[in-house]
2 protein chains.
Amino acid sequence: MTTARRSDATRAAILEAARERFAADGYERATIRAIAREAGIDPSMVMRYYGNKEGLFAAASEIDLALPALGALPSRHIGAVLVNHFLDRWERDDVLTGLLRVGVTNEAGAARMQAVFEEQLGPVTLGVCPRPEEAPARAALVASQILGMALARYVLRLRPAVDMDRDELVAWLAPTVQRYLTAEKP
Amino acid sequence: MTTARRSDATRAAILEAARERFAADGYERATIRAIAREAGIDPSMVMRYYGNKEGLFAAASEIDLALPALGALPSRHIGAVLVNHFLDRWERDDVLTGLLRVGVTNEAGAARMQAVFEEQLGPVTLGVCPRPEEAPARAALVASQILGMALARYVLRLRPAVDMDRDELVAWLAPTVQRYLTAEKP
DNA sequence: TCCGGTAGTCAACGCTTGTTGGCCTACGCT
DNA sequence: AGCGTAGGCCAACAAGCGTTGACTACCGGA
C-alpha cells in the first residue's frame, strides 16, 4: 500500500465539501471557491490535488451502491429489499443526490450515472429475471422508478413525496419493482 | 384583446430559442447571449422584453399539460391513456425537458414543476382515486414514475430506456400508473 | 411631409468563474 | 542542526456572465 501522505486530511475535507456542494447546487453553481471555503483551504489546493473541476467531480462521484445479492433470498421479497436498500443508500450521504443533480445538466455526470447503473444494477437484475436478454430493459425500468422517486422526494421535494413515510413508500414501490424484475413481459 | 405589436415575431423567436437552450443546457449554461444569437437578435432585446433571465425562464416554461378528463372513460384504461399522453407531451416540444433540467438545479424551476404537477395532475387524480384524501400521495407516485422514465429516456439517455419502443414502454408503465391511481392502499 | 415612438444595435460596466505561477512556511529525515 | 521538499497561501489572469444606457433607423399616423 502507498504510505499515508500528510495531506490526506485535506484531500478528504475537499472531497467531503465537494460532495456537499455538488449535491446541493449541481455542477455549475458548485464553485471551486465555495468548495475550498467550506473545506477551509485555498482554491488552488483543489487544483493541485484534483487537476481541474472535472477531475474533482469524478473523484467526488465515485460510489459503490453495495447492492445485495438477490439470488439468495425468496424471490417475492426482492422488490421490498431493493427499494429499502436504495432509500437507505440515498439518505446515508450526498453522493447519489449529487450524481443525479449533476447528471441532469452535465454530460460527464450523465455518463457516470449511466455507468453506475449499468455496472451495478445490471448484474443484479441478470440474476433474477426470467430471460437474460430482457435484463437491460428491466434494469432500466427499475431505475426509472427508483430515480423518479428520488427526484420527487429528495430533489424537487414534491410535498406528498416528502411527507410519505418509509413504510408507506416501500409498500407502494416494492410491487412495482418486483413486477419489473420478475413478471412475464406484458 | 391587445393589438398585435410589430415585435411579436421577435418575442416568439426569443421564446423558442430560450426553450431550446434551457432544455438542452439547463438554467446556468443556457446563456442569454446564446439564446439571443440563436434568435438572431441582440442580447439586450431579451432584457427589454422579459426583464431578466428569471423572467425569461418563467415565460419559457409556461405549459399546459392538457390532461384529458379521465372520469369519462373505462377505468381500466386510464393508466395507458395517461402514460401515452405524457409521452406525447414530452416529445412534442422541449418545454417539459427544459422544466425538468432546470428544476433540478434551480429553486424557481423546482417550484414551477411542483406547481404544474399539483395544479394539473392533482385534480385529475382526485376524480379517479378511491378516497379523496389519498389523492395527493397517489399523484406524487404517478409523477415519480412518469418523471423517472422521462429522466431515464430523455435526459440521462440510459440506453435500454431509449431503445424500448412506445408500445413496450406503455405496456410496462401503464399497470404501474393504473395501480397507483386506483388500487386499494397496500 | 413631418415627427414620435417602437425596434433594434453597440459598447461598456462590474462581477464571478476556473485556472496559473510564484512565494512562504514548517515538517521530517539525515 | 541543517536542509530538501511537500503543503499551503496570495495575487493575478483571461474569459464569460447578466445587465445597462446611449444611440440609430425606420414605420405609421397626422
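Per an unreviewed UniProt entry, the recorded name for chain A is TetR family transcriptional regulator, and the organism is Streptomyces filamentosus.

Q: Quick question: what am I supposed to make of the interface of chain A and chain B here?
A: Accessible area lost on assembly of the parts is the figure often given for the size of an interface. Each partner contributes to the interface: chain A provides 46 residues, whereas chain B provides 46 residues. Buried area between chain A and chain B, both sides added, is near 3900 Å², and the carbon and sulfur share of it is 71%. For chain A, the biggest contributors to the area lost against chain B are V104, L156 and W172 of chain A; these three give 20% of the whole. Viewed at the interface, chain B and chain A are joined by 2 salt bridges. Between K185 of chain B and E168 of chain A there is a salt bridge, with its nearest N and O atoms 3.7 Å apart. The set of elements that each furnish at least two residues to the side of chain A that touches chain B consists of α1 (8-29), α6 (95-105), α7 (107-128), α8 (135-155), α9 (159-163) and α10 (166-182) of chain A. Per-element tally for the side of chain A that touches chain B: the top contributor is α8 of chain A, with 14 residues. Looking at side-chain class alone, the side of chain A that touches chain B contains 26 nonpolar, 9 polar and 11 charged residues.

Q: In this structure, what is going on with the relation of the copies chain A and chain B? I would like to understand it.
A: The relation between the two copies of this chain is a rotation about an axis and a shift parallel to it. In screw terms, the move from chain A to chain B is a rotation of 180° and a rise of 0.0 Å along the axis, fitting with an RMSD of 0.0 Å. Taken together, the rotation angle and the small translation identify this as a two-fold axis. By C-alpha distance to the rotation axis, the residue of chain A lying nearest is G148 of chain A, at 1.7 Å. Take the interface residues of chain A: 100% of them recur as interface residues in chain B, which is what a same-surface contact looks like.

Q: Please clarify how α1 of chain A should be interpreted in this entry.
A: An α-helical segment advances 3.6 residues per turn. Residues three or four places apart therefore align on the same side. Residues and elements named next belong to chain A. Spanning 22 residues, α1 covers only 26 Å between terminal C-alpha atoms, well under the ideal 32 Å at 1.5 Å per step. The principal kink in α1, of about 85°, is found at A23. Along α1, the residues classified as buried are R11, I14, L15, A17, A18, R21, F22, A23, D25, G26 and Y27. In this structure, the buried side of α1 is in contact with α2 (32-39), α3 (43-50), α4 (53-60) and α6.

Q: Even after reading the chapter, I still don't get the packing of aromatic side chains, so can you show me in this structure?
A: Note on aromatic pairs: each is described by the distance of the centres and the angle between the planes. For the coordinates displayed, the defined rule picks out 12 aromatic pairs over all chains. Here the aromatic rings of F86 of chain B and F117 of chain B are separated by 6.2 Å at their centres, their planes lie at 5°, and the arrangement is stacked. Taken as a pair, F86 of chain B in helix α5 (residues 78-92) and F117 of chain B in helix α7 (residues 107-128) lie far apart in primary sequence, 31 residues in all. Ring pairing ties together the aromatic residues F22, Y27 and F57 of chain A, which thus form one cluster. Here the guanidinium or amino end of K53 of chain A rests over the ring plane of Y27 of chain A, the centre of that ring lying 4.6 Å away.

Q: What is the right way to read the UniProt feature "DNA-binding region" (unreviewed entry) in chain A from this model?
A: Following the UniProt record, one finds the feature "DNA-binding region" (unreviewed entry) at residues 31-50 of chain A. Here residues 31-50 of chain A runs as 80% helix and 0% strand, with 14 Å between its end C-alpha atoms.

Parameters at a glance
- Residues numbered from 1 in each chain as written.
- Chains lettered and ligands numbered in written order.
- Predicted model: local features only at pLDDT ≥ 70, side-chain atom pairs only at ≥ 80, totals over all residues.
- Heavy atoms only, no water.
- Contact = heavy atoms within 4.5 Å.
- Buried area = accessible area lost by both parts, 1.4 Å probe.
- Salt bridge = Lys/Arg side-chain N within 4 Å of Asp/Glu carboxyl O.
- Helix = DSSP H or I, 4+ residues; strand = E, 2+ residues; numbered from the N terminus.
- Nonpolar A, V, L, I, M, F, W, Y, C, P; charged D, E, K, R; others polar.
- Least-squares fit on C-alpha atoms with pLDDT ≥ 70 in both.
- Expected span 1.5 Å × (residues − 1).
- Bend = angle between axes of the 7 residues up to and from the residue.
- Buried < 20%, exposed > 50% of the residue type's maximum accessible area, 1.4 Å probe, protein only.
- Phe/Tyr/Trp six-rings, centres within 6.5 Å; stacked < 30°, edge-to-face > 60°.
- Lys NZ or Arg CZ within 6 Å of the ring centre and 35° of its normal.
- UniProt positions renumbered as here; feature names shortened; annotations may be inferred.

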